[in-house]
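# Chains, contacts and geometry: an overview
Spelled out, the chains give:
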Amino acid sequence: MTATQRWRELVETEHAQSDLKRGEIPPPQDHWRPFAQNFRADPHRTDDPLVNRLLQEVEPQHTVMDVGAGGGRLALPLALRCAKMVAVEPSSSMCQVLREQATDSGVDNVSLVEAQWEEAQVEAVDIILCAHVLYVVAGIEDFVRKMEANAREKVLIVLFQSPPQSQIYPLWQMVHVEERIPLPSLPQFREVLEQLGVDANVEMLEQLPQRGFEDREQALDQLTDRLYLAPGSSQLAKLEQILPDILQETDSGFIVKGSQPLQPALVSWRPQAN
Ligand SMILES: C[S@@+](CC[C@H](N)C(=O)[O-])C[C@H]1O[C@@H](n2cnc3c(N)ncnc32)[C@H](O)[C@@H]1O
């Protein structure tokens, strides 16, 4: 099996496991609605190591596109540095956060393309950024090739060493009595790039502080969502029962006990055709 086939298999089997756990309940139209506000951030902030690192890649004359821009957490600070920012984002709740934040912060050089990258109609830019999106993209080769075709100078990918939800994978065993199928992340992406003949630079970035939950109630709500637990189910009762034991209090709220901080990486290359 090739690296791109293996990537697809991981994404599809993870999604199939989620669908099975959802049972009769159809997947939400906009998966990001409950979390979109988490992606709101002040574009003028100066204490975000990821933003500061990405700003080193961007010059005032550059045009930049952020694929899967979310609420503009990265697109908006970069827009303040570059000539023009194109944000490609399919989730309407994320788009709403991005629009509001841009207006509130006086960022006026962003155009929003409300579409999946695979379908988006765009013009080429100097730099393409894609942060924390690839984990769920089954057709990784076409996705990457389209970024290469539309980036004149650089492709910048940010993704974690481990899958984003891996901190709660141990709870699957406790609640569902089965292992969570992991999404692909940096190790599998390196293999994909090798298969595609892309010679990329991989830079490990500062580990993120644990994001966690504001309080116990939010922990229960978000874990119920992420573990696909139906109201009144025995699995939800199990989660409620174990919750006091699995949460650890921190300065800023609660984390899942024993979970390790996620380590991001910046993967960058110059597209060969350009
Ligand atoms: C974890 S969020 C990251 C948002 C932003 N890049 C950041 O780092 O703050 C992932 C985003 O990717 C978007 N996304 C998922 N699949 C996509 C696709 N096929 N094309 C474009 N965006 C996609 C989601 O809607 C979501 O807003």
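Since the structure is predicted, the reported quantities are computational estimates derived from the model, not experimental observations.

Attention now goes to the pattern of salt bridges. Tallying each qualifying case throughout the model produces 14 salt bridges. With a closest N to O distance of 2.6 Å, Arg-40 and Glu-100 form a salt bridge. Taken as a pair, Arg-40 in the loop between α1 (3-22) and α2 (49-55) and Glu-100 in helix α4 (residues 92-105) lie far apart in primary sequence, 60 residues in all. On the basis of relative accessible area, Arg-40 is assigned to the partly exposed category, the value being 27%. Owing to a relative accessible area of 31%, Glu-100 belongs among the partly exposed residues under this scheme.

Moving on to helix α5 (residues 140-150). All of the buried residues along α5 are Ile-140, Phe-143, Val-144, Lys-146, Met-147, Glu-148 and Asn-150. Check the buried side of α5 and you find it contacts α1, β1 (63-67), β4 (125-131), β5 (151-160), α7 (186-196) and β9 (264-269).

Space inside the second largest pocket adds up to approximately 190 Å³. Together, 17 residues line the second largest pocket, and Ser-166, Gln-167, Gly-258, Ser-259 and Gln-260 are the ones closest to its centre. Counting residues per element, the lining of the second largest pocket draws most heavily on helix α6 (residues 169-176), at 3 residues. A breakdown of the residues in the lining of the second largest pocket according to their chemical character gives 7 nonpolar, 9 polar and 1 charged.

The next thing to look at is a negative patch on the surface. On the surface, Glu-214, Asp-215, Glu-217, Asp-221 and Asp-225 cluster together to form a negatively charged patch. Judged by its relative accessible area of 60%, Glu-214 is exposed.

By secondary structure assignment, the location of Asp-225 is in helix α8 (residues 216-226). Sequence-wise, Asp-225 and Arg-22 are 203 residues apart; in three dimensions their C-alpha atoms are separated by 9.8 Å. Ignoring any residue separated from it by four or fewer positions in sequence, one finds Asp-225 in contact with Pro-34 and Phe-35.

This paragraph deals with the site of the ligand. Around the ligand, the surrounding shell holds 18 residues, and the nearest of these are Gly-68, Arg-73, Glu-89, Gln-116 and Trp-117. Taking Gln-116, its side chain carries an N or O atom lying 2.7 Å from a nitrogen atom of the ligand. One of the side-chain N or O atoms of Glu-118 is found 2.9 Å from a nitrogen atom in the ligand. Class assignment for the residues of the shell around the ligand results in 10 nonpolar, 5 polar and 3 charged.

What counts as what
- Residues numbered from 1 in each chain as written.
- Predicted model: local features only at pLDDT ≥ 70, side-chain atom pairs only at ≥ 80, totals over all residues.
- Heavy atoms only, no water.
- Salt bridge = Lys/Arg side-chain N within 4 Å of Asp/Glu carboxyl O.
- Helix = DSSP H or I, 4+ residues; strand = E, 2+ residues; numbered from the N terminus.
- Buried < 20%, exposed > 50% of the residue type's maximum accessible area, 1.4 Å probe, protein only.
- Contact = heavy atoms within 4.5 Å.
- 1 Å grid on protein atoms, 1.4 Å probe; cavity = no way out; pocket = protein on both sides within 12 Å on 5 of 7 lines; lining within 4 Å.
- Points joined across faces, edges and corners; volume = space filled by probe spheres on them.
- Nonpolar A, V, L, I, M, F, W, Y, C, P; charged D, E, K, R; others polar.
- Patch = residues over 30% accessible without salt bridge, like charges linked within 9 Å, V, L, I, M, F, W, Y side chains within 5 Å.
- Areas by Shrake-Rupley, 256 points an atom, 1.4 Å probe, with all protein chains shown as cover.
- Lys, Arg positive; Asp, Glu negative; His and termini not counted.
- Charge placed at Lys NZ, Arg CZ, Asp CG, Glu CD.
- Near = heavy atom within 4 Å.
- Polar contact = N/O pair within 3.5 Å; in protein donor to acceptor, adjacent residues only side chain to side chain.

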